[in-house]
Amino acid sequence: MFDTIHEECGVFGIYEKEQSDVASSAYYALYALQHRGQESCGIAVNDDGLIVCHKDVGLVPDVFSRDNLEKLGWGTMAVGHCRYSTTGNSSAVNAQPLVVRHCKGAMALAHNGNLVNAPELRRQLELNGAIFHTTNDSEVISYIITRERLLSPSIEDAIAKAMYSIKGAYSLIVMSPKKLIAVRDPNGFRPLCIGETASGGVVFASETCALDSIGAKFVRDVEPGEIVIADENGLHSLHSHCGGESSFCVFEYVYFARPDSVIQGVSVHEARQRAGRILYRENPVEADVVVGVPDSGLDAALGYSQESGIPYGVGFIKNRYIGRTFIQPTQGQREDSVRIKLNVIAETVRDKRVVLIDDSIVRGTTCARIVRLLRDAGAREVHFAVTAPPFKNPCYFGTDIDSRDKLIACRMTVPEIAKQIGVDSLTYLSIDGVKEIAQGANCGFCVGCFSGEYPIAVPDKMQKNKFEKKISAAKQEEETDAE
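## What about the overall build of the protein?
Phase 1: Secondary structure summary: the protein contains 17 helices and 23 strands in total.
Phase 2: Across the 483 residues that make up the protein, the buried fraction comes to 58%.
Phase 3: In the form shown here, the protein has an accessible surface area of approximately 19,800 Å², with 49% of it arising from carbon and sulfur atoms.

## Quick notes on the sheet that holds strand 20 (residues 353–358)
Phase 1: Ordered in space as 17-20-21-22, the 4 strands form an open sheet in which the pairing is parallel. Only two strands of the sheet have a single neighbouring strand rather than two, namely strand 17 (289–292) and strand 22 (425–428). Here the average twist between neighbouring strands, direction ignored, is 20°.
Phase 2: Helix 9 (residues 268–282) rests against strand 20, strand 21 (381–386) and strand 22 of the sheet, and its axis sits at about 120° to strand 22.

## Here's the deal with the packing of aromatic side chains
Phase 1: Going through the model one piece at a time under the given rule, you end up with 17 aromatic pairs.
Phase 2: Ring centres of F251 and F256 lie 5.5 Å apart, and the angle between their planes is 80°; this geometry places the pair in the edge-to-face category.
Phase 3: A residue is classified by how much of its surface remains accessible, and F251, at 3% relative accessible area, is buried.
Phase 4: Since its relative accessible area comes to 4%, F256 is described here as buried.
Phase 5: Ring geometry for F397 versus Y454: centroids 6.2 Å apart, planes at 70°, classification edge-to-face. Here the residue F397 occupies a position in the loop between strand 21 and helix 14 (414–421), and Y454 occupies one in the loop between helix 16 (448–451) and helix 17 (471–482), the gap between them amounting to 57 residues.
Phase 6: Since its relative accessible area comes to 19%, Y454 is described here as buried.
Phase 7: Ring pairs connect the aromatic residues F251, Y255, F256, F391 and F450, which therefore count as one cluster.

## Some thoughts on the pairing of strand 12 (residues 227–231)
Phase 1: Counting buried positions along strand 12 gives 5 out of 5 residues, so the element sits mostly inside the fold.
Phase 2: Of the two faces of strand 12, both are covered, the one formed by I227, I229 and D231 as well as the one formed by V228 and A230.
Phase 3: Direction of pairing for strand 12 relative to strand 13 (residues 234–238): antiparallel, over a ladder of 5 bridges. Within strand 13, the position partnered with D231 by the bridge is G234.
Phase 4: Counting the residues between successive antiparallel strands, the hairpin from strand 12 to strand 13 contains 2 residues.

## Considering helix 10 (residues 296–308)
Phase 1: The terminal C-alpha atoms of helix 10 lie 19 Å apart, and with 13 residues this matches the ideal 18 Å at 1.5 Å per residue to within 8%.
Phase 2: By the burial criterion, the buried members of helix 10 are S296, G297, D299, A300, A301, G303, Y304, S305 and S308.
Phase 3: A positive phi of about 85° marks G309, the residue just after helix 10.

## Thoughts on the pattern of salt bridges
Phase 1: Per the counting criterion, the structure on display carries 15 salt bridges.
Phase 2: Across the pair E126 and R122 runs a salt bridge, and its minimum N-O distance is 3.3 Å. Of this pair, E126 and R122 are both found in helix 4 (residues 118–127), 4 residues apart, which corresponds to roughly one turn of the helix.
Phase 3: Between E148 and R147 there is a salt bridge, with its nearest N and O atoms 3.9 Å apart.
Phase 4: Judged by its relative accessible area of 37%, R147 is partly exposed.
Phase 5: Each of R36, R190, E207 and E252 takes part in one network of salt bridges that share partners.

## Re the packing of helix 4 against helix 5 (residues 138–149)
Phase 1: Between helix 4 and helix 5, whose axes approach to 10 Å, the crossing angle comes to 50°. On the basis of the axis angle, helix 4 is oblique to helix 5. Our pair here, helix 4 against helix 5, has a crossing hand that is left-handed. Contacts between helix 4 and helix 5 involve A118, L121, R122 and L125 from the former and V140, Y143, I144 and R147 from the latter.

## Some details on the state of the cysteines
Phase 1: Tallied over the entire structure, the rule returns 0 disulfides.
Phase 2: No disulfide involves C9; its sulfur sits 7.2 Å from the nearest other cysteine sulfur, which is in C82.
Phase 3: Given the relative accessible area of 7%, C9 is considered buried.

Calculation criteria
- Chains are numbered independently. Their residues run from 1 in the order of the written sequence.
- Only residues with pLDDT of at least 70 get local features here, since the model is predicted, and only at 80 or more are side-chain atom pairs given and counted; chain-wide, interface and lining totals rely on the full set of residues.
- The side-chain figures draw on all heavy atoms in the structure; neither hydrogens nor water molecules are used.
- Note on conventions: DSSP H or I runs of at least 4 residues are helices, E runs of at least 2 residues are strands, and numbering of each starts at the N terminus.
- Residue burial is assigned from relative accessible area. The probe radius is 1.4 Å, only protein chains are included, and a residue is buried under 20% of its type maximum, exposed over 50%, and partly exposed in between.
- Note on areas: Shrake-Rupley with a 1.4 Å probe; residue coverage comes only from the protein chains shown.
- Two strands are counted as paired when DSSP detects at least two bridges linking them.
- Lines fitted to C-alpha atoms define the axes, with helix axes restricted to the stretch in contact, and inter-axis angles between N-to-C directions lie between 0 and 180 degrees.
- We call two residues in contact when some of their heavy atoms are within 4.5 Å.
- Aromatic rings from Phe, Tyr and Trp, with only the six-membered ring used for Trp, were paired whenever their centres fell within 6.5 Å, and each pair was classed as stacked if the ring planes differed by under 30 degrees, edge-to-face if by over 60, and tilted otherwise.
- Helices are assigned an expected span. That span is 1.5 Å times one less than the residue count.
- When a carboxyl oxygen of Asp or Glu lies within 4 Å of a side-chain nitrogen of Lys or Arg, that pair is called a salt bridge.
- Note on terminology: angles under 35 degrees are roughly parallel, angles over 145 are roughly antiparallel, angles of 65 to 115 are roughly perpendicular, and the others are oblique.
- In this scheme the handedness of a crossing depends on how the near helix is turned from the far one: anticlockwise by less than a right angle means left-handed, clockwise means right-handed.
- The disulfide criterion is simple: two cysteine sulfur atoms within 2.5 Å.

Just distances and angles here, no functional claims.
In structure tokens form, the structure reads like this:
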């Protein structure tokens, strides 16, 4: 909607000992995870090895009517997914879960993350006769696992072997005819946790807020590299890929995750408040009121206020029912939609020096409009404070920044950006500061999009639509690479 970093995907899985309405559990969980992906969603239900799936483009309540849920039926397992596309266009064919059927049974897969070696793997598979139906890298993962499954005694052994081939970020939930499996890449880029239902079933989810939505109890996070299996024998794990240095995406705390979630032992709400406190300590500003841009800027604004002693004010009211601004046909209509989505409470900012807190600046166009809203409401000064360092590098692990061309911080200095967006001052949280916001987290952090230093080898370039190119564009790219 705005020129911000877009959401990740959300994954969910449930395993019950007896047949139950697992489709409804998945539905409520996906509702809780809707913030992680708003393009498409799907649910697959397993009834004694028979997997039935429904998925489509749209939000959870649009895709799943009561009739659609009833058609999925009852079962002992279900997998759910809500998607924001980081590889492959937004279309029904790219919706998940992916369901694959082979001679050893069916498999449903839901994936959050992005592979750095998907093009090479896909090319190898195609040369060996594989036919792809989607343009996302999740199908590459499903092919690799299926290939290994045909040669392995169990699905978990197949996944363990597949992990030697796939590189990058992946939090997976895999459903076989008899097992539900959660998998996290060895770096632990994306979140994945384990819960327990009131009936003693097992739940896997991207965030703890999904567990809360169905009354499940949090058990623990899936370890980086761990393969967790839920089956008739209970819960057990494989640790052959564990033990490396973790590099969890710090932007999950800054923006992606819901504030009521707890990730890697740290409350997202508290992490954002701490980001605001550190931001003031690093860059103190004299002002009359602190306001946050909904939603992720609100907790940080509260922390900034607590640290600085500057009063906290509710500066914006967010209309949660407006359509997404990028579907508006003209620039003028898009700007009108921004104004409708966020309305300023003039009494909070009139004739005051305002500190405006937000999580990031990507292209700079939206924050400039927000600043203009404050000016129009009578703000005397506007000081913009960002709870993350400047974005200067692409993300290869599941965020939709695939080019430096889109990043204003790569084209302008901080004073130039401040002038461009119309603020009296602009401050960012430092890289050291952002590493400190999740105090007590049992993990390391990836800050590659800020520092340019990545925890694993990355390709020279990464394109969101790398599997969707016109012939002329592909030819031009080949000629450029040859030069």
